[in-house]
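Descriptive structure summary
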Amino acid sequence: MAILLSTKANAMADWRDALLACDPSLDIRLFPDAGDPASIEAAVCWTQHDMAELRRYPNLRLIVSMGAGVDHLLRPPGPPPGIPVARLKDERLTTGMAEWVLLNVLRFHRQDLDYRALQAQRVWEELPAPETAERRIGFLGLGELGLAAARACQALGFPVQGWARRPRDIPGIPTFHGEDGLHAMLPRTDILVCLLPLTPETRGVLNRETLALLPRGAFLVNGARGGHVVQEDLLAALDSGHLAAAALDVFEPEPLPPEHPFWAHPRVVMTPHAASITIPRSAAPQVVENLRRARAGEPLLNLVDFSAGY
């Protein structure tokens, strides 16, 4: 039986080598040249477009998402009925996201955009020094990625708080939940970091109403999904000066069209969905272990809860 591997073209070889390093006996087929559909027992997938294709494989027993998020795989047509989907929980993926969050928190905290603007004008000016202990960081999403990034900010002395859809008890981090909790946390947040899973309940959570609850001059850091942000509302908040700046790694659609105003906006920092990239040699052992478990009929690691959407 074989594994179907479907990922970005520039990562195919790395993934294949990493999987074979874990188990040289694996028969790895590269999408779309899978050969006999009946020979495929597992699929390691990157995009939602693979889901319709996977209905052709009658002996499929496992689908593995190549990232922590799975919303793209759950959109119609979705996975074949009855086939479990596992997502990656990888230390390198978690560390990468914490690094990206820290990069942008520090960029905004240390007034980097303002200093770059002064440099462009050839102006030598010292801005007032910021106080770390007074810069409040609020996190939307307290899963593995959100909690790791929150701890990283906390280690530098930033006051950290977090919001989740359900109650959470996290030592050392004040937490909020539900709509009332969101409305309570936002006014006391100077830098808002979004690392939520994208579900019907969280789509558009960053909109005119919620952005207006942030203090004037607050910053937004979104490394989750573009669907969390109502883009027109974010642009309006930036142009009015209510938000000082935004760091965005995710968009709808992707790639972002060349004519989109984010590209040229002086208070928007963009990266191309590259905040944390899955590294095959780090993630492959988890994929191979899940395949072993599927073959043995054992419980799978990091199984997606379809009812929750992540």
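Details of the structure are given in the entry above.
Keep in mind it's a predicted model, so treat the numbers as computed, not measured.

Each value, and the rule that gives it
Residues numbered from 1 in each chain as written. Predicted model: local features only at pLDDT ≥ 70, side-chain atom pairs only at ≥ 80, totals over all residues. Heavy atoms only, no water. Salt bridge = Lys/Arg side-chain N within 4 Å of Asp/Glu carboxyl O. Helix = DSSP H or I, 4+ residues; strand = E, 2+ residues; numbered from the N terminus. Buried < 20%, exposed > 50% of the residue type's maximum accessible area, 1.4 Å probe, protein only. Pairing = 2+ DSSP bridges. Axes fitted to C-alpha atoms, helices over the stretch in contact; angles between N-to-C directions. Contact = heavy atoms within 4.5 Å. Right-handed = clockwise from strand over helix to strand, strands pointing away.

Some points on the pattern of salt bridges
- Evaluated as defined, the whole model comprises 14 salt bridges.
- In this structure, E252 and R203 form a salt bridge, with 3.1 Å as the shortest nitrogen-oxygen distance. Here E252 is found in the loop between β11 (243-248) and β12 (268-270), whereas its partner R203 is found in the loop between β9 (191-194) and α8 (208-213), with 49 residues between them in sequence.
- For E252, a relative accessible area of 35% translates into the label partly exposed.

Considering the sheet that holds strand β10 (residues 218-222)
- Reading across the sheet, the 7 strands line up as β8-β7-β6-β9-β10-β11-β12 and stay open at both edges, with parallel pairing between neighbours. Lying at the two open borders of the sheet, with one neighbouring strand each, are β8 (175-177) and β12. With strand direction ignored, the average angle separating the axes of adjacent strands in the sheet is 15°.
- Taken together, the 4 bridges between β9 and β10 define a ladder with parallel strand orientation. By the bridge assignment, I191 is partnered in β10 with F219.
- With respect to the sheet, helix α9 (residues 231-239) is in contact with β10, β11 and β12, its orientation differing from that of β11 by roughly 140°.

A few points about the pairing of strand β6 (residues 137-140)
- Across the two faces of β6 the burial is the same, with I137 and F139 and G138 and L140 all buried.
- Bridge count for β6 against strand β7 (residues 160-164) is 4 bridges, and the pairing is parallel. Along β7, the bridge assignment pairs G138 with Q161.
- After leaving β6, the chain enters helix α6 (residues 144-155) and then returns to the sheet as β7, a path that is right-handed.
- As paired strands, β6 and β9 are joined by 4 bridges and run parallel to one another. By the bridge assignment for β9, F139 is matched with V193.

Quick word on unusual backbone geometry
- Residue P77 is reached from P76 by a cis peptide bond, and omega for that bond is 10°.
- Cis geometry marks the peptide bond from E252 to P253, where omega comes out at 0°.
- In this fold, P253 is placed in the loop between β11 and β12.
- Of note, the phi angle at R122 is positive, near 55°, even though the residue is not glycine.
- By the secondary structure assignment, R122 is in the loop between α5 (112-120) and β6.
- Positive phi values are uncommon outside glycine, yet N302 reaches one of about 55°.
- Turning to its location among the elements, N302 is positioned in the segment after α10 (280-296).
- The exposure class of N302 is partly exposed, given its relative accessible area of 22%.

Don't take any of this as a statement about function, it's just geometry.
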